[in-house]
Amino acid sequence: MATKVNDFVLHVATANGSGSQSSNNVLVRSLFRMGVPVTGKNLFPSNIQGLPTWFTIRANANGFTSRRTDCDVVVAMNQASAVQDIQSVKPQGYFILTDTIKLTEEQRRKDITIFDVPFKKLADEVSKSAQLKKLLVNMIYVGVVARLLDIDREVMQAVVTDMFKGKATVVESNMNSINVGYKWAEDNLDYKNFPLKAQSVPGGNKNKILIDGNTAGALGWLFGGCTFVGWYPITPSSSLVENFKAYAEKYRKDEKGNNRVAIVQAEDELSSICMVTGAGWAGARAATATSGPGISLMAETVGLSYFAEVPAVIWNVQRGGPSTGLPTRTQQSDVLFTATLSHGDTQHPILFPNDPSECFEFGQVGFDLAERLQTTVFVLTDLDIGMNLWATNEFTYPDKPYDRGKVLSAEDLKKVADYGRYKDVDGDCIPYRTLPGTDHPSAAYVARGTGHDEKANYSESPVVYKKTLDRLKGKYVTAKKYVPAPIIDKQEGAKHGILAFGSTDFAIPEVRFMLTQKGLKTNYLRLRALPFTKEVDEFIERHDKVFVVEQNRDAQMATLLKSEYPAAATKFVSILQYDGMPITPTHVFKEIAAKENMV
Amino acid sequence: MSTTTPASAPAKTNRIGLEKSDYAGGKSTLCAGCGHDSVTNHLISAFFKSGLNPAKVAKLSGIGCSSKTPAYFLSRSHGFNSVHGRMGPVATGVKLANPELTCIGVSGDGDTASIGMGGFVHLLRRNVPMVYIVENNGVYGLTKGQFSATADLGTKSKSGELNPFQTVDLCSLAIEMGCTFVARSFSGDAKQLVPLVEAALHHHGTAFIDVISPCVTFGNHDGSTRSYDAVREHIKALQELDFITPFDEIKVDYKEGDGQAVEMPDGSWIRLKKLDQRDHNIKDATAAMTLLHQARDKGEILTGLFYVNENGKDLAETLKLPKGEPLYAMNADKLKPSRDVLIKIMQDFR
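This one's a predicted model, so the numbers in the text were calculated from it and none came from an experiment. (Residues numbered from 1 in each chain as written. Chains lettered and ligands numbered in written order. Predicted model: local features only at pLDDT ≥ 70, side-chain atom pairs only at ≥ 80, totals over all residues. Heavy atoms only, no water.)

### Some details on the overall build of chain A
Under the convention used in this document: Here a strand is any run of E in DSSP of at least two residues, a helix any run of H or I of at least four, and the numbering for each starts at the N terminus. Here the globule rule reads 2.2 Å times residues to the power 0.38, and the radius of gyration is calculated from C-alpha atoms. Throughout this description, buried means an accessible area under 20% of the type-specific maximum (1.4 Å probe, protein chains only), exposed means over 50%, and partly exposed covers the range between. Residue contacts are defined here by distance: any two heavy atoms, one from each residue, within 4.5 Å place the two residues in contact. Using a 1.4 Å probe, the Shrake-Rupley method yields the accessible areas, and only the shown protein chains count as cover for residues.
If you tally the helices and strands in chain A, you get 19 helices and 23 strands. In terms of C-alpha radius of gyration, chain A reaches 26 Å, essentially the compact-globule figure of 25 Å for 599 residues. Principal-axis analysis of the C-alpha atoms gives chain A an extent of 85 × 65 × 40 Å. With 599 residues in all, chain A has 63% of them scored as buried. Of the contacts formed within chain A by residues at least 6 apart in sequence, a portion of 74% connects residues at least 24 apart. As displayed, chain A has an accessible area near 22600 Å², and 51% of this comes from carbon and sulfur atoms.

Given below as structure tokens:
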């Protein structure tokens, strides 16, 4: 078998809570520092301890780092999933098996190479403590894998040192364990002829960082000027707020040690969004982060924000639905629900970041839009973006000033003849607001979720009511001018288009590469926001077919597209994946190829 | 009716030069004789007497008859008539975004004790600095007379139904939740309610006032424990209250006499004169609970100030928010870390 350099899928099966997280991080981060394009995905159960969990690492010299299910190497450390794990090795692949797992001769596949590693015995070498052995055994498999793949040991040493900063004995015991595994592999396996190798790429990953989307989003909030967070813990969004809290502790203190942000853990999502709406009404840049069930609970208040025109930002880190669904799995299945969340006629701007770098950027963009448009702005990520490690572009420092929207001060009001809170003065359907506390006789108004006129007085007049609804519709149209435009990538002579968004994006370059090899050229539009902008109009207009790739069962984005572009409805061909796992390019390719009769 | 001529006519303007009409609001659309309209008038009186600048007040409410009332007072203040049961969390957000605002929330028994119970108890736990008033009539007025969670066990609805469920006593609940100012009053008792609201406006933390406010349309019949007649028959005021601000010229030695006095953080005082044979120490939460339970067992509607604690930590303090520098007004210069900080942070992700 010819050697493949920087092109492999490594899959590790362990039990949840066994401490494999750090070990897997050492592997991913070491490859990343070697300059190899890499991602690491944690496929974990909704459980604290005991259930099977997997970590899948894909390195690919071409930068194709989406998930693949055909694994080159599988490390099996968990008896409970071993029979299933051995099936995930691709033919001629490798299965690294701890000798404590018993497989029958029949279960031991003959078309793969199985390395039986005495992990238990090796663990005895590194510690006497049963508890430590349980943790350190994970570092031993890191050593075995590192020897086989040729992962740079100096890089690993640096990674481990940084990871356990300031804890010399922890660094030592972890490195010692790695070395024990490394040595065992050197002595017992034909590592020289192992066909998969990692090789340093000079200058590789130079302007990249390895980070998850929730941490990136938290930093986006920090730099984007978030001053209020009301939240309720829910997987997979909790780490966004927790990270924000940790960064705010460090970077949002004034000289006296006071906090330049208020973070309140609410009693439920009903309250968290109400707190955010109250804070937004009073003029703060306020946000919450949640996931599916939380979005359901927030629906009523989102309608209030829409109708009373109060800025709010909601990050929805999507998980598998419906109901409690799959809390630790990924999906893009809240698109349709979110787009018109709440009863009555409502429409909301939505941002779809595709990776951590864009999560950072949309941190500020979300607040800018919410304050500009005086409404709830959603940012839809998903568990894959939010909780997995991505080699993403370094964050660009946000130089753009915060857009605080149309707010009139007491001073401004002196120049306004007949102020009305809901009057469309500029013809863009966005009225001017005043904040509570504005000391001017015409500043005050009562914000309400009931029918109201331009002066915010209660009104049941059919004329006034319809006018308000029409203006709000107009405001949604105005939003097109402010939301991030899609990113389009073209191939000469392509007649077919692909449209995708969010975490699906990372599969698309590889899909297009595979399609090109089979002779199908495509243009690609990565949607970054709702409402649809003129670039989307043109893209649909120019293609005879548009494959809409998304991670849900009901083709939710395609449904929105068909409703927005009824004349083009037959152009949309849905390609769907909705098993809760991050999307794979292989699946998308196969689906498109089948629809095009290419196979 | 006999009248006495006051020694001097009450001042037309308050200490910031505003007249009482400057604290008025829009015209009420509630039923004639509604207890809530009386509460509205007492709120106007209390705000006028307090000398607060209405522009620096925020009025919050949920949904229901009571929640309509913020439109009927303080038209110079911003108001937020939010969604059913959510006045509390909305107020929490408003107050934290701008702690310089005096926040007053007006809610009802349905809004607070049924749909909004979750938000209510947690607001009290957090000690959000605000005045929280419940206009309590035991019925859902806007939906025509269904029982609310504060309806007394066995009270009769207008349609003749008897309430089979235990009532929620908001005052003892508030004390249990750690509320630092707990009082009950009656919409018809201006003498008691006005100083209570004044005191509440000066309280450090959440000031909760449960105001019994009869519903003339759906709760004013025989068999209802909240009709005007039933309330007048069973009501018992614990104390006579006076509220004295540092701007008042009255000099009294509060340490003496037959009452208690509480000093508020801003130097104002609540003076309480005993009206009842019971000796109640308003700084004793346990005693207040006992007092409330005993009153309820007797079928008595006990009013007055039950518990006050000026030494609690309010939410803005717990969260260590900067004083004199509200969050809403902060901009990038205060909020956005430097380019170097970003570079430094990114080092952790290589």
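Structure shown, so let's carry the discussion forward.
### A few points about the packing of aromatic side chains
All names here are of chain A. So the rule is basically this: The rule is short: rings of Phe, Tyr and Trp, with Trp giving its six-membered ring, pair when the centres are within 6.5 Å, and they are stacked under 30 degrees, edge-to-face over 60, tilted in between.
For the structure on display, the rule yields 19 aromatic pairs over all chains. Between Phe360 and Phe395, the ring centres sit 4.4 Å apart and the planes meet at 5 degrees, which makes this aromatic pair stacked. Here Phe360, found in helix 12 (residues 356-373), pairs with Phe395, found in the loop between strand 16 (389-393) and helix 14 (410-413); they are 35 residues apart in sequence, far enough to count as distant. Overall, the relative accessible area of 5% leaves Phe360 in the buried class. Residue classification places Phe395 among the buried residues on the basis of a relative accessible area of 5%. Ring-pair connections join several aromatic residues into one group, and the members of that group are Phe223, Phe360, Phe395 and Tyr397.

### So, the sheet that holds strand 2 (residues 78-81) of chain B
For clarity, the cut-off: Strands were regarded as paired on the criterion that DSSP finds at least two bridges between them. Only the contacting stretch of a helix is used when fitting its axis, a line to C-alpha atoms as for every element, and angles between N-to-C directions run 0 to 180 degrees.
In spatial order, the strands read 17(A)-2(B)-1(B)-3(B)-4(B)-8(B)-7(B)-13(B)-9(B); together these nine strands make up an open sheet with mixed pairing. Across the chains shown, the open sheet's two edge strands, defined by having one partner strand only, are strand 17 (446-448) of chain A together with strand 9 (235-237) of chain B. Put simply, the sheet's adjacent strands are angled 20 degrees from each other on average, direction ignored. Relative to strand 3 (residues 102-108) of chain B, strand 1 (residues 57-61) of chain B is paired through five bridges, and the arrangement is parallel. The residue bridging Ser61 of chain B from the neighbouring strand is Val106 of chain B, located in strand 3 of chain B.

### Thoughts on the pairing of strand 6 (residues 89-98) of chain A
Residues and elements named next belong to chain A. To keep things clear, this is the line we draw: Seen with its strands pointing away from the viewer, a crossover is right-handed when the path leading from the first strand over the helix to the second is clockwise.
Within strand 6, seven of the 10 residues are buried, which leaves it mostly tucked inside the rest of the structure. When strand 5 (residues 71-76) meets strand 6, the two strands line up parallel, connected through five bridges. By the bridge assignment, Val75 is partnered in strand 6 with Ile96. Assessed by its sense of winding, the connection that carries the chain from strand 5 through helix 2 (residues 82-87) to strand 6 is right-handed. Both strand 6 and strand 7 (residues 113-117) contribute to a ladder of five bridges, which runs parallel. Pairing of Phe95 across the sheet is with Ile114, part of strand 7.

### Focus: the sheet that holds strand 21 (residues 529-530) of chain A
Residues and elements named next belong to chain A. The sheet built from seven strands is open, its strands ordered 11-10-12-13-15-14-21 with mixed pairing. Every interior strand has two partners, whereas the edge strands, strand 11 (262-265) and strand 21, have only one. Each of strand 12 (286-290), strand 13 (312-318) and strand 15 (376-382) touches helix 10 (residues 292-308); the most contacted strand, strand 13, lies at about 160 degrees to it. On top of the sheet, helix 12 reaches strand 12, strand 13, strand 14 (350-351) and strand 15; it is set at about 145 degrees to strand 13, its chief contact.

### Let's talk about the interface of chain A and chain B
What counts is decided by this rule: We define a salt bridge as a contact between a side-chain nitrogen of Lys or Arg and a carboxyl oxygen of Asp or Glu at a distance within 4 Å. N or O atoms within 3.5 Å of each other form a polar contact, as long as, within protein, one can give a hydrogen and the other can take it, and as long as residues adjacent in sequence are counted only when both atoms are side-chain atoms.
With 71 residues of chain A in contact, the opposing surface of chain B contributes 54 residues. The tally of links from chain A across to chain B stands at five salt bridges. The residue Arg350 of chain B makes a salt bridge to Glu394 of chain A at a minimum N-O spacing of 2.8 Å. The tally of links between chain A and chain B comes to 23 residue pairs in polar contact (both at pLDDT 80 or more).

### Notes on the domain arrangement of chain A
Interface size is often expressed as the accessible area that is lost when the parts come together. Heads up, the condition is: Note that the domain bounds were set by an automatic or database domain assignment.
What the domain assignment lists for chain A is domain 1 (4-206), domain 2 (214-393), domain 3 (406-484) and domain 4 (487-595). On a C-alpha basis, the centres of domain 1 of chain A and domain 3 of chain A stand 59 Å from each other.

### Some remarks on the packing of helix 7 (residues 213-224) of chain A against helix 12 of chain A
All names here are of chain A. Defined as follows: In a left-handed crossing the near helix is turned counterclockwise from the far helix by less than a right angle, and in a right-handed crossing that turn is clockwise. Three classes are used, and their members are as follows: Ala, Val, Leu, Ile, Met, Phe, Trp, Tyr, Cys and Pro are nonpolar, Asp, Glu, Lys and Arg are charged, and the others, Gly among them, are polar.
Between helix 7 and helix 12, the shortest axis-to-axis distance is 7 Å and the interhelical angle comes to 35 degrees. Crossing angle aside, the handedness with which helix 7 passes helix 12 is right-handed. On the side of helix 7, the interface is formed by Gly213, Ala216, Gly217, Leu219, Gly220, Trp221, Phe223 and Gly224, while helix 12 contributes Pro356, Cys359, Phe360, Gly363, Gln364 and Phe367. For the contact of helix 7 with helix 12, the per-class residue count stands at eight nonpolar, six polar and no charged.

### Focus: the side chain of Thr478 of chain A
Note on placement: Thr478 of chain A falls in helix 15 (residues 462-479). For Thr478 of chain A, the residues in contact, after removing those within four places along its chain, are Asp428 and Ile430 of chain A.

### Looking at the side chain of Ser23 of chain A
Residues and elements named next belong to chain A. On the secondary structure map, Ser23 appears in helix 1 (residues 20-33). With a relative accessible area of 1%, Ser23 lands in the buried category. With sequence-adjacent residues up to four places away left out, Ser23 is seen in contact with Asn138, Met139, Tyr141 and Val142.

### Observations concerning the pattern of salt bridges
Residue and element names in this part refer to chain A. In this structure the tally under the stated criterion is 57 salt bridges over all chains. For Glu564, the salt bridge is made with Lys480, and the minimal N-O distance between the two is 3.8 Å. With Glu564 in helix 18 (residues 556-564) and Lys480 in the loop between helix 15 and strand 18 (487-489), this pair connects stretches of sequence that are 84 residues apart. Note that Arg526 and Asp505 form a salt bridge whose closest N and O atoms lie 3.9 Å from each other. Placement of the pair is Arg526 in strand 20 (residues 522-527) and Asp505 in the loop between strand 19 (496-501) and helix 16 (508-517), with a sequence separation of 21 residues. Neither residue differs from the other here; Arg526 and Asp505 are each classed as buried. Among the ionic contacts, a cluster of salt bridges with common partners joins Arg285, Asp368, Glu371, Lys400, Arg404 and Arg433.

### Considerations on the confidence of the model for chain B
Residues and elements named next belong to chain B. Applicable threshold: Values of pLDDT, which run from 0 to 100, indicate the predictor's confidence residue by residue.
Across chain B, the average pLDDT comes to 93, with 95% of residues at or above 70. Below pLDDT 50 for its whole length, residues 1-5 participates in zero contacts with residues either more than four positions away or in separate chains. Both confidence scores are given for the complex: pTM 0.97, ipTM 0.96.

### Examining the nonpolar core
Rules: Only buried residues count toward a nonpolar core, which is a set of Ala, Val, Leu, Ile, Met, Phe, Trp, Tyr and Cys residues joined through side-chain atoms within 4.5 Å.
By size, the foremost hydrophobic cluster in this structure holds 100 residues, and its most contacted members are Phe228, Met557 and Leu561 of chain A together with Leu60, Phe208 and Phe306 of chain B. Not counting the four nearest positions on each side in its chain, Phe208 of chain B is found in contact with Phe120, Tyr132, Val134, Leu170, Cys171, Ala174, Cys179, Phe181, Val182 and Ala183 of chain B. In terms of nonpolar packing, the next biggest core, distinct from the first, is built from 57 residues, Leu148, Trp184, Phe194 and Leu210 of chain A among them.

### Overview of helix 10 of chain A
All names here are of chain A. What counts, and what does not: Helix span, expected: 1.5 Å multiplied by one less than the number of residues in the helix. By definition, a residue's bend is the angle between the axes fitted to the seven residues ending there and the seven starting there.
With 17 residues, helix 10 ought to run about 24 Å at 1.5 Å a step, and its terminal C-alpha atoms sit 24 Å apart, in line with that. At Ala299, helix 10 shows its strongest bend, of approximately 50 degrees. Counting buried positions along helix 10 gives 13 out of 17 residues, so the element sits mostly inside the fold. Glu309, located one to two residues past helix 10, shows a positive phi value of around 65 degrees.

### Here we look at the environment of Asp368 of chain A
Residue and element names in this part refer to chain A. Within the element layout of this structure, Asp368 appears in helix 12. Note: C-alpha distance between Asp368 and Val483 (115 residues apart in sequence) is 9.9 Å. Beyond its immediate sequence surroundings of up to four residues, Asp368 is in contact with Arg285, Lys400, Pro401, Tyr402 and Asp403.

### Some remarks on helix 9 (residues 285-297) of chain B
All names here are of chain B. Selection criterion: When we speak of the arc, we mean the arc of directions from the helix axis to the C-beta atoms.
Helix length check: helix 9, at 13 residues, gives a terminal C-alpha distance of 18 Å against a target of 18 Å (1.5 Å per residue), a fit within 8%. Looking at helix 9, one finds that the buried residues are Ala288, Met289, Leu291, Leu292 and Ala295. In an axial view of helix 9, the angular spread of the buried residues amounts to 165 degrees, which keeps them on one side of the axis. Turned more than 90 degrees away from the buried face of helix 9 sit Thr286 and Asp297, all of them exposed. Where helix 9 is buried, its residues meet helix 6 (170-176), strand 7 (181-186) and strand 13 (301-308).

### As for the state of the cysteines
Residues and elements named next belong to chain B. Formally: Two cysteine sulfur atoms make up a disulfide if the distance between them is within 2.5 Å.
Applying the stated criterion across every chain, the model contains zero disulfides over all chains. Between Cys34, a cysteine without a disulfide, and Cys31, which holds the nearest cysteine sulfur, the sulfur-to-sulfur distance is 6.4 Å. Cys34 provides the cysteine sulfur closest to Cys65, a residue in no disulfide bond, and the two sulfurs are 6.4 Å apart. Here Cys65 falls in the partly exposed class, since its relative accessible area comes to 21%.

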